[in-house]
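# Per-entry structural report
One letter stands for each residue in the lines below.
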Amino acid sequence: MSEPGMMVELEGVSKGFGVGAARVEVLTALDLEVAEGRLLAVVGPSGVGKSTLLHLVGLLDRPDGGRIRLDGRDVAGLDGGERAGLRNRMIGFIFQHHYLLDELDALDNVALPLRIAGTGAAKARARARELLDAVRLGDRAGHFPDMLSGGEQQRVAVARALAMRPRLLLADEPTGNLDRANAEQVFAMVKDLHLLAGLTSIIVTHDEELARMCDGVFRLAPAGARFEHV
Ligand SMILES: Nc1ncnc2c1ncn2[C@@H]1O[C@H](COP(=O)(O)OP(=O)(O)O)[C@@H](O)[C@H]1O
Ligand SMILES: [Mg+2]
């Protein structure tokens, strides 16, 4: 049964890759609940399945077994088109690499998801400008990605992730390529925007210090996973 106020619910989720002798079981019988409005850190050693977990929650991949509910809705029965629609409307992604398009300036990169969804150019740009202001890059709107620092590129990616007003933000090592000062700045912005927009957020990170600034830490280990302070 779905619990009220739960944005993300995983129950007995398993996921592996490959066949036969090359088969690797990555996640086994994984349970996870993230209440609406929480900011959860996911930590664990490299290769343990953090990205795999985020892909499952983000509807980028399907589990081999178990149940996944987003906002109370079982997503198992959805076909590819329904999953893509739900993903676009509900979920914002930030990755370790910014994946900005080189040929678009910061403003148009942030506006792009809206343009793809059919929003008119003027309205999309107005929203993009608002988001660039929110990540304090309003004065860089006309700059192309190669004119921006690593931290600035990632802040544009944060703005883009929020363009569609998602309810769920999934970030996979968003500060992994940044130095200490930039990592802290990007994390602080993600946290501020998470609170401001009333998001539910899951952040995969290697950074124990940043993990401690989240509401809870989900520690993935090869032997299983456990919660710390939630
Ligand atoms: N698409 C895939 N095909 C085959 N193996 C994969 C695939 N995605 C992930 N894996 C494997 O699953 C394990 C977990 O990977 P991943 O979730 O990326 O770990 P993490 O993000 O914690 O470093 C690794 O052994 C990885 O090689
Ligand atoms: Mg990973």
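For the structure itself, consult the block above.
Presented here is a report on the structure given in the accompanying data block. (Residues numbered from 1 in each chain as written. Chains lettered and ligands numbered in written order. Predicted model: local features only at pLDDT ≥ 70, side-chain atom pairs only at ≥ 80, totals over all residues. Heavy atoms only, no water.)

What follows covers the overall build of the protein chain. For the protein chain, the count of helices and strands is 7 helices and 10 strands. Against the 2.2 N^0.38 benchmark of 17 Å for 230 residues, the protein chain shows a C-alpha radius of gyration of 18 Å, consistent with a compact globule. Referenced to the eigenvectors of the C-alpha coordinate spread, the extents of the protein chain come out at roughly 50 × 40 × 40 Å. Within the protein chain, the fraction of its 230 residues that count as buried is 46%. Considering only contacts within the protein chain whose residues lie at least 6 apart along the sequence, 69% involve residues at least 24 apart. When the accessible surface of the protein chain is split by element, carbon and sulfur atoms take 52% of a total near 10,800 Å². When the 27 basic and 32 acidic side-chain charges of the protein chain are each reduced to a single mean position, those positions are 3 Å apart. (Helix = DSSP H or I, 4+ residues; strand = E, 2+ residues; numbered from the N terminus. Rg over C-alpha atoms; globule rule 2.2 N^0.38 Å. Buried < 20%, exposed > 50% of the residue type's maximum accessible area, 1.4 Å probe, protein only. Contact = heavy atoms within 4.5 Å. Areas by Shrake-Rupley, 256 points an atom, 1.4 Å probe, with all protein chains shown as cover. Lys, Arg positive; Asp, Glu negative; His and termini not counted. Charge placed at Lys NZ, Arg CZ, Asp CG, Glu CD.)

Centre-to-centre distance and the angle between the planes together describe a pair of aromatic rings. Here the structure, examined in full by the defined rule, presents 2 aromatic pairs. Residues Phe93 and Phe95 carry aromatic rings whose centres are separated by 5.8 Å and whose planes lie at 0 degrees to one another, so their mutual orientation is stacked. Aromatic side chains Phe95 and Tyr99 sit 5.8 Å apart centroid to centroid with 85 degrees between the ring planes, which places their arrangement in the edge-to-face category. Connected via pairs of aromatic rings, a cluster forms that spans Phe93, Phe95 and Tyr99. (Phe/Tyr/Trp six-rings, centres within 6.5 Å; stacked < 30°, edge-to-face > 60°.)

Ordered in space as E2-E1-E4-E5, the 4 strands form an open sheet in which the pairing is antiparallel. Each having just a single partner strand, strand E2 (24-35) and strand E5 (73-74) make up the two edges of the open sheet. As paired elements, strand E1 (residues 6-17) and strand E4 (residues 65-70) share 5 bridges and run antiparallel to each other. Following the sheet pairing, Glu9 is matched in E4 by Arg69. On top of the sheet, helix H1 (residues 50-57) reaches E1, E2 and E4; it is set at about 125 degrees to E1, its chief contact. (Pairing = 2+ DSSP bridges. Axes fitted to C-alpha atoms, helices over the stretch in contact; angles between N-to-C directions.)

Let us now look at the site of ligand 1. Contacts to ligand 1 come from Phe17, Val26, Pro45, Ser46, Gly47, Val48, Gly49, Lys50, Ser51 and Thr52. One nitrogen or oxygen atom from the side chain of Lys50 is found 2.8 Å from an oxygen atom belonging to ligand 1. Within the backbone of Ser51, a nitrogen or oxygen atom sits 2.9 Å from an oxygen atom of ligand 1. Notes on ligand 1: free accessible area 560 Å², of which the protein chains cover 55%. By residue number, the principal contributor to the shell around ligand 1 is H1, which donates 3 residues. For the shell around ligand 1, a count of residues per class yields 4 nonpolar, 5 polar and 1 charged. (Near = heavy atom within 4 Å. Polar contact = N/O pair within 3.5 Å; in protein donor to acceptor, adjacent residues only side chain to side chain. Nonpolar A, V, L, I, M, F, W, Y, C, P; charged D, E, K, R; others polar.)

Attention now goes to the pattern of salt bridges. Following the criterion strictly, the structure yields 17 salt bridges and no others. For the salt bridge of Arg125 with Asp108, the shortest nitrogen-to-oxygen distance reads 3.0 Å. Placement of the pair is Arg125 in helix H4 (residues 121-134) and Asp108 in helix H3 (residues 106-116), with a sequence separation of 17 residues. Classification of Arg125 as partly exposed rests on a relative accessible area of 42%. (Salt bridge = Lys/Arg side-chain N within 4 Å of Asp/Glu carboxyl O.)

This part takes up the environment of Arg160. Structurally, Arg160 can be placed in helix H5 (residues 150-161). Exposure remark for Arg160: the relative accessible area of 18% places this residue in the buried category. Along the primary structure Arg160 and Met147 are separated by 13 residues, whereas in three dimensions their C-alpha atoms are 17 Å apart. Setting aside anything within four residues of it in sequence, one finds Arg160 in contact with His98, Tyr99, Leu100, Asn109, Val110 and Pro113.

Attention now moves to H3. Of all the positions in H3, only Ala106, Leu107, Asn109, Val110, Ala111 and Leu114 are classed as buried. Residues of H3 that are buried in the fold lie against H4 and H5. Gly118 lies just past H3 and shows a positive phi near 100 degrees.

Structurally, His98 can be placed in the loop between strand E6 (91-94) and H3. One polar contact links His98 to Gln153, side chain to side chain, over a distance of 3.4 Å. Apart from the residues lying within four places of it in its own chain, the contact partners of His98 are Gln153, Gln154, Ala157 and Arg160.

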